[in-house]
Amino acid sequence: MPERNPETHVIDFRAAEQLLAARDPRGAVKLLDSVIAAHPENTAARLLRARAFFAAAQLRPAELEFELVLEREPDNAFAHFALARTFQRAGRPEQATRHFRLAAALDPNPEYLRAARFDDRP
């Protein structure tokens, strides 16, 4: 196995982005595992891995990663939105609504506002 160094981790992160874009989320997770093992504090890598887990329908690991990102960055609107989608897909609508609304409150992105459905009763 080649020696792992910071440059290799950057290459792996970029390759994981490409794999996710090419609809190979499991390949992306595999690359990101080594990046996160070496740099557990790297929120960008964790967010990308959470997205890959979601795309691979691995909802519990996605939920855990999104929650870890939000512990570090509670004002990350995208992470709230993605966690809400994870809860929605897992059949947990109350938790989904809460995070959709947090995302919309943090960022008035039209997609976040539509998902938040502020006009509906909770």
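- Named according to an unreviewed UniProt entry, the chain is Tetratricopeptide repeat protein originating from Streptomyces argenteolus.

## A closer look at helix α5 (residues 77-89)
- Between the first and last C-alpha of α5 there are 18 Å, a value that for 13 residues agrees with the 18 Å anticipated at 1.5 Å per step.
- For α5, the set of buried residues is Ala77, Ala79, His80, Phe81, Ala82, Leu83, Ala84, Thr86 and Phe87.
- By the N-cap criterion, in which a side-chain oxygen at the helix start approaches the backbone nitrogen of a residue two or three places on, α5 is capped by Asn76, the distance to Phe78 being 3.2 Å.
- Two residues or fewer past α5, Gly91 is found with a positive phi of approximately 75 degrees.

## So, the pattern of salt bridges
- A full pass over the atoms with the stated rule returns six salt bridges.
- With a closest N to O distance of 3.2 Å, Arg46 and Glu65 form a salt bridge. In this pair, Arg46 is assigned in helix α3 (residues 43-55) and Glu65 in helix α4 (residues 59-72), connecting sequence segments 19 residues apart. Taken individually, Arg46 and Glu65 each receive the classification buried, so the pair is uniform in this respect.
- Put simply, Asp33, Arg46, Arg49 and Glu65 are held in one network by salt bridges that share partners.

Parameters at a glance
- Residues numbered from 1 in each chain as written.
- Predicted model: local features only at pLDDT ≥ 70, side-chain atom pairs only at ≥ 80, totals over all residues.
- Heavy atoms only, no water.
- Helix = DSSP H or I, 4+ residues; strand = E, 2+ residues; numbered from the N terminus.
- Expected span 1.5 Å × (residues − 1).
- Buried < 20%, exposed > 50% of the residue type's maximum accessible area, 1.4 Å probe, protein only.
- Polar contact = N/O pair within 3.5 Å; in protein donor to acceptor, adjacent residues only side chain to side chain.
- Salt bridge = Lys/Arg side-chain N within 4 Å of Asp/Glu carboxyl O.

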